[in-house]
Amino acid sequence: MTESKTHKGSSLYQRRHLLGIEGLTAQEIGYLLDQADKFVTLNRSAKETSDSLKGRTVINLFFENSTRTRTSFEIAAKRMGADVVNMSVATSSVKKGETLLDTAYTLNAMHPSLIVVRHNESGAVSLLSQKVDAGVLNAGDGRHEHPTQALLDALTIRRRLGTLSGLTVALCGDITHSRVARSNILLLNTMGARVRVIAPPTLVSSDMERMGVEIHTDMRQGLKGCDIVMMLRLQMERMQGSFVPSTREYYRFFGLDAEKLSCAKPNALIMHPGPMNRGVEIDSELADDEDRSLIRTQVEMGVAVRMACMEALIENVVLPESGEERFKHG
Ligand code: NCD
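**Student:** Would you explain the layout of surface pockets in this entry?
**Tutor:** Using a probe with the size of a water molecule, rolled over the atoms, empty space left in the structure can be pinpointed. Counted as a void, the largest pocket has a volume near 550 Å³. The wall of the largest pocket is formed by 24 residues, among which E64, N65, R118, R179 and R233 lie closest to the centre. Among the elements of the structure, α2 (68-79) and α6 (179-190) are those that each provide at least two residues to the lining of the largest pocket. A breakdown of the residues in the lining of the largest pocket according to their chemical character gives five nonpolar, 11 polar and eight charged.

**Student:** Looking at this model, I keep getting lost on the sheet that holds strand β3 (residues 114-119). Mind explaining?
**Tutor:** Strand pairing in a sheet relies on backbone hydrogen bonds. The paired strands run either parallel or antiparallel. Strands sit in the order β2-β1-β3-β4 across an open sheet of four strands; the sheet is parallel. What marks the edges here is a single partner per strand, and that holds for β2 (83-88) and β4 (135-141). The sheet shows a mean angle of 15° between the axes of neighbouring strands, direction not considered. Seen against the sheet, α2 touches β1 (57-62), β2, β3 and β4 and runs at an angle of roughly 180° to β1.

**Student:** What should I look at first to understand α2 in this one?
**Tutor:** Along an α-helix, a turn takes 3.6 residues, which lines up residues three or four apart on a common side. Between its first and last C-alpha, α2 extends 16 Å over 12 residues, near the 16 Å set by a 1.5 Å rise per residue. Every buried residue of α2 is listed here: T69, S72, F73, E74, A76 and A77. Where α2 is buried, its residues meet β1, β2, β3, β4, α5 (147-161) and α12 (295-314). G81, located one to two residues past α2, shows a positive phi value of around 85°.

Conventions we followed
Residues numbered from 1 in each chain as written. Predicted model: local features only at pLDDT ≥ 70, side-chain atom pairs only at ≥ 80, totals over all residues. Heavy atoms only, no water. 1 Å grid on protein atoms, 1.4 Å probe; cavity = no way out; pocket = protein on both sides within 12 Å on 5 of 7 lines; lining within 4 Å. Points joined across faces, edges and corners; volume = space filled by probe spheres on them. Helix = DSSP H or I, 4+ residues; strand = E, 2+ residues; numbered from the N terminus. Nonpolar A, V, L, I, M, F, W, Y, C, P; charged D, E, K, R; others polar. Pairing = 2+ DSSP bridges. Axes fitted to C-alpha atoms, helices over the stretch in contact; angles between N-to-C directions. Contact = heavy atoms within 4.5 Å. Expected span 1.5 Å × (residues − 1). Buried < 20%, exposed > 50% of the residue type's maximum accessible area, 1.4 Å probe, protein only.

Okay, here's the thing in structure tokens:
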């Protein structure tokens, strides 16, 4: 049986869940990044291991396809000694609301310590978190948030440039459908970076202005003076109707190639959360350019950030004693 805790841990992150970047303080974000830094060192050393999640069960509950994020959470949990169960749930044939809550009650009865959830509906992960005793990590909900992606991006930038504060970061491409963009904007704003979004008018919604970012529809103009150029995938699966004339046309105006990159700062760095559409949003050679591209580092940082987040949450998970009523209906 999973161990019960009667009081919260002593870390600077005092929450049981990680549902989004929204509402997190700069101190909480800084703490998670500092902890993740330690896990980067640990992951690079062959000998060291962590047993922070030993005897704990982590469920990866994915209602949407994912390769890198699911694998990254799985490796992170296993490196800390957890037992990991992967569940992929097809949503196509079932009513989403019902399935989600039924699934929550079922999983709760299995006493997991942490549940990692990805769902195609914005808000679904938060709803699930209200129904379970486990700590819940949002691995991406609809267009809403993808907090561990923003944290791993921040760690990647911080390790390379030493700071986030004062940097100018451009997020380019399909802003409207991107939870990565939303979480990154929230995090970068909180940490004192300036954010620009660059997109065709059809792929950037008006609520972006309220998020305190500069909007550009001309890529060369938007890239001027940028330290970081973060490219985003065209999220065709979230588009109903036509948002771009053709992928060829899109690449011409919004695909990152060497010529457009030359408009940014001379040593500007390239990022992409993956999966990449080479030749659609980014030139293939540029994506692989070891001097300019941080894309592979992002993947490495992903494991460390997820270890840090899971360790922080587990301190705050208080599972009921055996025999207690565990179901939270209503
Ligand atoms: C992102 C996602 O799922 O939101 N990818 C990821 O987590 N690696 C971005 C995307 O799918 O384009």
